[in-house]
Amino acid sequence: MARDYYEILGVSRDTDKEEIKQAYRRLARKYHPDVNKEPGAEDRFKEINRAYEVLSEPETRARYDRFGPEGVSGAGSGFQDVGDMGGFADIFESIFSGFAGGMGNPTQQRRRSGPARGDDLRLDLKLDFREAVFGGEKEIRISHLENCEVCSGSGAKPGTRPRTCSTCSGSGQVRRVTRTPFGSFTQVSTCPTCNGTGMVIEDKCDACDGKGANQVTKKLKITIPAGVDNGTRLRISSEGDAGQRSGPPGDLYVYLFVNEDEEFQRDGINILSEIKLSYLQAILGCRLEVDTVDGPVELIIPAGTQPNTVMKLENRGVPRLGNPVSRGDHMLTVLIDIPTKVTPEERELLEKLAKIKGDRTGKGGLEGFLGNLFK
């Protein structure tokens, strides 16, 4: 028993035409044989097309709603009159214009045989923590297609030139019209003689074997802006693959990834780190030299500083991307190093001090005294 066409497209019976079109686009893209190689995908694709052909036209949809599949057994059965193909061909073409055998029009044929932009390329680049913070110049090595210098990208031996393909008359495509009792069905496919270029090279360039481009490895110097982070993408114009038929080259996209630092962490445009103080430094206060991305900086520790206190060094963080004058802060978390062992002389002094201060913990001795100070 044939499946319900509304069920095939995953829509309800009161769905409007636009929602049916959207459902068809989604499913056709998923199950097209050039994309989906799973068993049964081609049959599913045909089923989806059949359902859309019937439900996209108000007249056939009305007959289907009234009589079921028998009411539309002659309509949309794989062949349609050319004059009625506009809606279906347009939507099919917008999804699958990149696939061989897709529906086409004269404008697209001319475009395929004309200049074509080269492919974009991607390069992943790792940076050290400080390189990401301050930026600078970086040398990279890439491999891409460049136009052949001998034939200037034409693919033809110097002194000769490609000729227009006689099979497709330079369009890059061939059309086959099938006559049926229901009208004419036109299939458009890539020209097998010129492989869609519209031109035939009789005398190939020896330097590039008629391809018009060669794979070249080169070094580039790129500028890393201050403040970049994981996932930042840099676009290097015209450093992708060479275009075809005098088309412009593509671009190179550099994706940045920042190595972790042993001492510093990043939180947006702020930098985080820890400093460890002795219990005496925390009690009495001190001046301490701490590391920052700018180098050593003197930090004043107030007397009585408590564990996990966060101290801020302004404008010592990461420059704001696109505005390097504006910087974040460096946030330092204080850790107190309490000794597990002390000398007899230190213990005697600490116990005297504990008696002066008074032990309110009930634990007594050094543990109680330090607990008083840092609770």
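Heads up: the structure comes first, above all this text.
Residues numbered from 1 in each chain as written. Predicted model: local features only at pLDDT ≥ 70, side-chain atom pairs only at ≥ 80, totals over all residues. Heavy atoms only, no water.

### Considerations on the packing of aromatic side chains
Remark: the centre distance and the inter-plane angle together describe each pair of aromatic rings, the angle taken between the planes. In this structure the tally under the stated criterion is four aromatic pairs. Aromatic side chains Tyr5 and Tyr64 sit 4.7 Å apart centroid to centroid with 20 degrees between the ring planes, which places their arrangement in the stacked category. Residue Tyr5 is located in helix H1 (residues 5–9), and its partner Tyr64 is located in helix H4 (residues 58–67); the two are separated by 59 residues in the primary sequence. Exposure remark for Tyr5: the relative accessible area of 8% places this residue in the buried category. Here Tyr6 and Tyr64 contribute two aromatic rings whose centre-to-centre distance is 6.1 Å and whose plane-to-plane angle is 45 degrees, an arrangement assigned as tilted. One end of the pair, Tyr6, is in helix H1; the other, Tyr64, is in helix H4, with 58 residues separating them in the sequence. The class for Tyr6 is buried, based on a relative accessible area of 1%. Within the aromatic cluster, the residues linked to one another by ring pairs are Tyr5, Tyr6 and Tyr64. (Phe/Tyr/Trp six-rings, centres within 6.5 Å; stacked < 30°, edge-to-face > 60°. Helix = DSSP H or I, 4+ residues; strand = E, 2+ residues; numbered from the N terminus. Buried < 20%, exposed > 50% of the residue type's maximum accessible area, 1.4 Å probe, protein only.)

### Side note on the packing of helix H3 (residues 41–55) against H4
For the pair H3 and H4, interaxial distance at closest approach is 6 Å and the crossing angle is 105 degrees. Classified by the angle between their axes, H3 and H4 sit roughly perpendicular to one another. Residues Glu53, Val54 and Leu55 of H3 touch H4, and the partners they reach there are Thr60, Arg61 and Tyr64. Each residue belonging to the contact of H3 with H4 can be placed in one class, and the counts come to three nonpolar, one polar and two charged. (Axes fitted to C-alpha atoms, helices over the stretch in contact; angles between N-to-C directions. Parallel < 35°, antiparallel > 145°, perpendicular 65-115°, else oblique. Contact = heavy atoms within 4.5 Å. Nonpolar A, V, L, I, M, F, W, Y, C, P; charged D, E, K, R; others polar.)

### Quick notes on H4
Think of an α-helix as turning once every 3.6 residues; residues three or four places apart then point the same way. What H4 keeps buried is the set Thr60, Arg61 and Tyr64. The buried residues of H4 occupy one face: seen down the axis, they fall within an arc of 100 degrees. Opposite the buried face of H4, by more than 90 degrees, sit the exposed residues Pro58, Glu59 and Arg66. Those residues of H4 hidden inside the fold are in contact with H1, helix H2 (17–31) and H3. (Arc of directions from axis to C-beta.)

### Quick look at the pattern of salt bridges
The final tally for this structure, using the stated rule, is 22 salt bridges. For the salt bridge of Lys138 with Glu131, the shortest nitrogen-to-oxygen distance reads 2.9 Å. Here Glu202 ties to Arg163 by a salt bridge, and the two come within 2.6 Å at their closest N and O atoms. You can see Glu202 sitting in the loop between strand E6 (199–200) and strand E7 (213–224) and its partner Arg163 sitting in strand E3 (residues 163–164), a full 39 residues away along the chain. What you see here is one network of salt bridges that share partners, running through Arg3, Glu7, Arg44 and Glu47. (Salt bridge = Lys/Arg side-chain N within 4 Å of Asp/Glu carboxyl O.)

Function-wise, these values are silent; they only describe arrangement.
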